[in-house]
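Tertiary structure, described
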Amino acid sequence: MADGKTHTGSCHCGRVRFEATTDPTKAIACNCSICSKQGLWLTFVKPTQFKLLSGLDAVGDYRFNKHAIHHVFCRTCGVEPFARGKAKDGTDMFAINVRCLDGVDIARLNPHPFDGKSL
């Protein structure tokens, strides 16, 4: 789980807004079917490091494969700002889409490759 500073973020249209305390420089680029198609770069935080600010009424939930991860997307614009699930040790976690964080220059990031396709 990442430490860092508190960032705000949102989906494209802004209906779903959140705060997450994370370090975007620790992002991963997963090659699983959904992350590769959406271009997701993710950091992981504990529930105490995440706060949904608005948009609970605007989110949809998509699960596939083992149905273990809740891919949360905005029903208006379709963007997935975060997902929720369990870490390997069984604790709750949020996966934050670094591309949805306000003020983060992704051109300065070098995400670590992660082989989710083989899981």
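First things first, this report covers the structure right here in the doc. Numbers given to residues run from 1 along each chain, matching the order in which its sequence is written. Only residues with pLDDT of 70 or above have their local features reported here, since the model is predicted, and side-chain atom pairs are shown and tallied only from 80 upward, although totals for entire chains, interfaces and linings are computed over all residues. Values reported for side chains reflect all heavy atoms of the structure, with hydrogen atoms and water molecules removed beforehand.

Working definition: a ring pair exists when centres of Phe, Tyr or Trp rings (six-membered ring for Trp) sit within 6.5 Å. Plane angles under 30 degrees give stacked, over 60 give edge-to-face, the rest tilted. Enumeration over the complete set of coordinates arrives at six aromatic pairs. An aromatic cluster is present here, built from Phe 18, Phe 50, Phe 82 and Phe 94 joined pairwise through their rings. Definition used: whenever NZ (Lys) or CZ (Arg) falls within 6 Å of the ring centre and also within 35 degrees of the ring normal, the charge is taken to sit over that ring. Sitting over the ring of Trp 41, Arg 99 keeps its end group 4.4 Å from the ring centre.

Next up on the list: the sheet that holds strand S2 (residues 17-22). Taken in spatial order, the three strands make up an open sheet running S1-S2-S5, and their pairing is antiparallel. For this open sheet the edge positions go to strand S1 (5-10) and strand S5 (50-54), each flanked by a neighbour on one side alone. Averaged over all adjacent pairs, the angle separating strand axes in this sheet is 25 degrees, with direction ignored. We call two strands paired when DSSP finds no fewer than two bridges between them. Counting from the N terminus, the helices are DSSP H or I runs at least four residues long and the strands are E runs at least two residues long. Bridge count for S2 against S5 is four bridges, and the pairing is antiparallel. Among the inter-strand pairings, Glu 19 is bridged to a residue of S5, identified as Lys 51. Every axis corresponds to a line fitted to the C-alpha atoms, with the helix fit spanning only the stretch in contact, and the corresponding angles, defined between N-to-C directions, vary from 0 to 180 degrees.

Here the focus is the nonpolar core. The nonpolar core is taken to be a set of buried Ala, Val, Leu, Ile, Met, Phe, Trp, Tyr and Cys residues, with the residues joined through side-chain atoms within 4.5 Å. Here the term buried applies to any residue with accessible area under 20% of the maximum for its type, exposed to any over 50%, and partly exposed to those in between, with areas from a 1.4 Å probe on protein chains only. Formed by 19 residues in total, the largest nonpolar core has its most connected members in Val 16, Phe 18, Phe 50, Phe 82, Phe 94, Ile 96 and Val 98. Elements represented by at least two residues in this core include exactly S2, strand S4 (41-45), strand S7 (70-74) and strand S9 (92-97). A contact between two residues is defined here by any heavy atoms of the two lying within 4.5 Å. Sequence-distant contacts of Val 98, defined by excluding residues within four places in its chain, comprise Pro 24, Ala 27, Trp 41, Leu 42, Thr 43, Val 104, Ile 106 and Leu 109. With nine residues, the next largest nonpolar core counts Ile 28, Ile 34, Leu 40 and Ala 83 among its residues.

What follows is about the sheet that holds strand S10 (residues 112-114). Taken in spatial order, the seven strands make up an open sheet running S6-S7-S8-S9-S4-S3-S10, and their pairing is mixed. This sheet does not close on itself; its edge strands, each paired only once, are strand S6 (59-62) and S10. Strand-to-strand twist of the sheet, defined as the mean angle between neighbouring strand axes without regard to direction, takes the value 35 degrees. Two elements, strand S3 (residues 28-30) and S4, share two bridges in a ladder whose sense is antiparallel. Within S4, the residue paired with Ile 28 across the bridge is Leu 42.

Take the pattern of salt bridges next. Side chains carrying opposite charge are able to pair once their charged atoms draw close together. The salt bridge criterion pairs a side-chain nitrogen of Lys or Arg with a carboxyl oxygen of Asp or Glu, the two atoms within 4 Å. Tallied over the entire structure, the rule returns four salt bridges. Between Arg 17 and Asp 102 there is a salt bridge, with its nearest N and O atoms 2.8 Å apart. Of this pair, Arg 17 sits in strand S2 while Asp 102 is found in the loop between S9 and S10, placing the two residues 85 residues apart along the sequence. With a relative accessible area of 26%, Arg 17 lands in the partly exposed category. Looking at Asp 102, the relative accessible area reads 33%, which means it is partly exposed. In this structure, the salt-bridge partner of Asp 92 is Lys 86, at a minimum N-O distance of 2.6 Å.

Taken by themselves, the reported measurements are silent on function.
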